[in-house]
Amino acid sequence: MDKKKIEQIRQQYDLIIHNIENADIEFWYARELMPLLGYGRWENFDKTVCRAMESCETSGIIVSDHFREVTKMVELGSKAKRNVKDYMLTRYACYLIAQNGDPKKEEIAFAQSYFAIQTRKQELIEERIALIERTEARGRLRESEKRLSQNIYERGVDDAGFGRIRSKGDQALFGGYTTQEMKKRLGVKGSRPLADFLPTLTIAAKNLATEMTNYNVEEKDLQGESSITGEHIQNNHSVRDMLGQRGIKPENLPPSEDIKKLERRVKSQEKKIATQAGKLPDQDMI
């Protein structure tokens with residue numbers, strides 16, 4: 001997501017902030033938030049709100065401090081009016097809704113970042129979105145490699161064979177450098193996975209090659225270590241060639257911060273969100 005788009009979306013979120021008189025707290029209405037999160041139907045969004053409320057309760061936090069069901073009068077096309085269900089939501093409630101939203105929606109990554117950052121500064125939102133994109137890319141690679149491991153196991157290849165296939169793929173992607181040589185280049189110590197220190201682009205490249213291998217192993221019903229190794233090498237070469245056409249050599253990209261450290265930092269930050277968001281006042285104060 002580019003900086004200009006992030007700023008445009010941030011302004012949309014800022015426009016629907018509400019404040020309670022004599023109470024130092026911001027809140028949002030669910031029906032105003034819904035379209036910004038990419039939802040078109042209230043019924044679907046209401047389910048997401050309910051899941052967020054369950055998450056709040058599971059965390060041991062009083063749900064009514066952050067979620068308040070209200071009734072609003074809306075005008076229909078015929079100029080008639082009727083009452084509809086809505087929610088008042090603290091920043092923490094909005095964050096939980098984003099956490100429970102459809103992760104495939106681009107809007108969700110922005111919302112998670114916007115509501116997690118108390119100051120909502122542009123650069124901090126950008127930084128957190130980049131982190132989310134990297135962790136999600138790492139998760140996709142983990143799943144595609146798990147699927148490849150299962151595929152080749154079903155075709156007569158053991159765990160050691162899977163390690164050799166993956167290593168040969170890395171060697172093709174990184175211009176001849178083996179997995180161990182890349183770990184040395186990037187300063188990855190011990191048994192830590194190389195992918196935990198790769199930038200998002202390289203993680204995505206590895207995932208694309210692995211998904212291509214999965215597809216052809218299944219479609220062509222490839223059997224045995226030799227044929228699957230050849231397929232994986234070819235796919236990694238193809239992805240490397242594609243990157244090369246744009247002047248990118250994955251072995252020369254600098255390492256990124258240890259993804260485990262980033263995840264711990266996010267978890268620590270999440271624990272503070274509920275407190276920083278404040279609490280909705282009693283009904284008679286609104």
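In the block above lies the structure referred to throughout.
Residues numbered from 1 in each chain as written. Predicted model: local features only at pLDDT ≥ 70, side-chain atom pairs only at ≥ 80, totals over all residues. Heavy atoms only, no water.

Caption draft 1: Molecular detail of the packing of helix α1 (residues 3-15) against helix α5 (residues 106-116). Viewed as axis vectors pointing N to C, α1 and α5 meet at an angle of 65°, and their least axial separation amounts to 11 Å. Note on packing geometry: the crossing formed by α1 with α5 is right-handed. Contacts between α1 and α5 involve Lys 5, Ile 6, Ile 9, Arg 10, Tyr 13 and Asp 14 on the former and, on the latter, Glu 106, Glu 107, Phe 110, Ala 111, Tyr 114 and Phe 115. (Axes fitted to C-alpha atoms, helices over the stretch in contact; angles between N-to-C directions. Helix = DSSP H or I, 4+ residues; strand = E, 2+ residues; numbered from the N terminus. Left-handed = near helix turned anticlockwise from the far one by under 90°. Contact = heavy atoms within 4.5 Å.)

Caption draft 2: Region of the structure containing the side chain of Arg 10. Among the secondary structure elements, Arg 10 is positioned in helix α1. At 2.7 Å, the side chain of Arg 10 forms a polar contact with the side chain of Asp 14. (Polar contact = N/O pair within 3.5 Å; in protein donor to acceptor, adjacent residues only side chain to side chain.)

Caption draft 3: Representation of the packing of helix α7 (residues 159-173) against helix α10 (residues 224-245) in the model. Put simply, α7 and α10 touch, their axes get as near as 8 Å, and they point 25° apart. By the angle between their directions, the pair α7 and α10 is classed as roughly parallel. Crossing angle aside, the handedness with which α7 passes α10 is right-handed. In this structure, α7 contributes Gly 161, Arg 164, Ile 165, Arg 166, Lys 168, Gly 169, Ala 172 and Leu 173 to the contact, and α10 contributes Glu 225, Ile 228, Thr 229, His 232, Ile 233, Asn 236, His 237, Val 239 and Arg 240. (Parallel < 35°, antiparallel > 145°, perpendicular 65-115°, else oblique.)

Caption draft 4: Structural view of α5. Burial within α5 is extensive, with nine of its eleven residues counted as buried. Those residues of α5 that sit buried are Ile 108, Ala 109, Phe 110, Ala 111, Gln 112, Ser 113, Tyr 114, Phe 115 and Ala 116. For α5, the secondary structure elements touched by its buried residues are α1, β2 (26-29), α2 (30-33), α4 (91-99), α6 (122-153) and α11 (259-277). (Buried < 20%, exposed > 50% of the residue type's maximum accessible area, 1.4 Å probe, protein only.)

Caption draft 5: Spatial organisation of the packing of aromatic side chains. A full pass over the atoms with the stated rule returns ten aromatic pairs. Arranged with centres 5.1 Å apart and planes meeting at 50°, the rings of Tyr 13 and Phe 110 form a pair that is tilted. With a gap of 97 residues between them, Tyr 13 in helix α1 and Phe 110 in helix α5 connect regions that are remote in the sequence. For the pair Tyr 13 and Phe 110, a shared accessibility class is recorded, and that class is buried. Classification of Phe 110 as buried rests on a relative accessible area of 0%. Over the ring of Trp 42 we find Arg 31, and its NZ or CZ is 4.0 Å from the ring centre. Directly above the ring of Tyr 177 sits Arg 185, whose terminal nitrogen or CZ lies 4.3 Å from the centroid. (Phe/Tyr/Trp six-rings, centres within 6.5 Å; stacked < 30°, edge-to-face > 60°. Lys NZ or Arg CZ within 6 Å of the ring centre and 35° of its normal.)

Caption draft 6: Highlighting the pairing of β2. As paired elements, strand β1 (residues 18-19) and β2 share two bridges and run antiparallel to each other. Bridge pairing links His 18 to Phe 27 in β2. Pairing analysis gives two bridges linking β2 to strand β4 (residues 81-89), with the strands arranged antiparallel. Note that in β4 the partner of Trp 28 across the bridge is Leu 89. (Pairing = 2+ DSSP bridges.)

Caption draft 7: Up close: the nonpolar core. In this structure, Tyr 13, Leu 33, Leu 37, Phe 45, Phe 67, Leu 89 and Phe 115 are the most contacted members of the largest nonpolar core, which totals 39 residues. Looking at this core, the elements that each hand over two or more residues are α1, α2, α3 (42-58), β4, α4, α5, α6 and α11. The element that contributes the greatest number of residues to this core is α4, accounting for seven residues. Not counting chain neighbours up to four residues away, the residues in contact with Phe 67 comprise Val 49, Ala 52, Met 53, Cys 56, Met 88, Leu 89, Ala 93, Leu 96, Ile 97 and Leu 280. Ranked by size, the runner-up nonpolar core spans 16 residues in total, among them Leu 141, Leu 186, Phe 197 and Leu 198. (Core = buried A, V, L, I, M, F, W, Y, C linked by side-chain atoms within 4.5 Å.)

Caption draft 8: Representation of the environment of Pro 35 within the structure. Here Pro 35 is to be found in the loop between α2 and α3. Distance from Pro 35 to Glu 107, taken between C-alpha atoms, is 9.6 Å for residues 72 residues apart in sequence.

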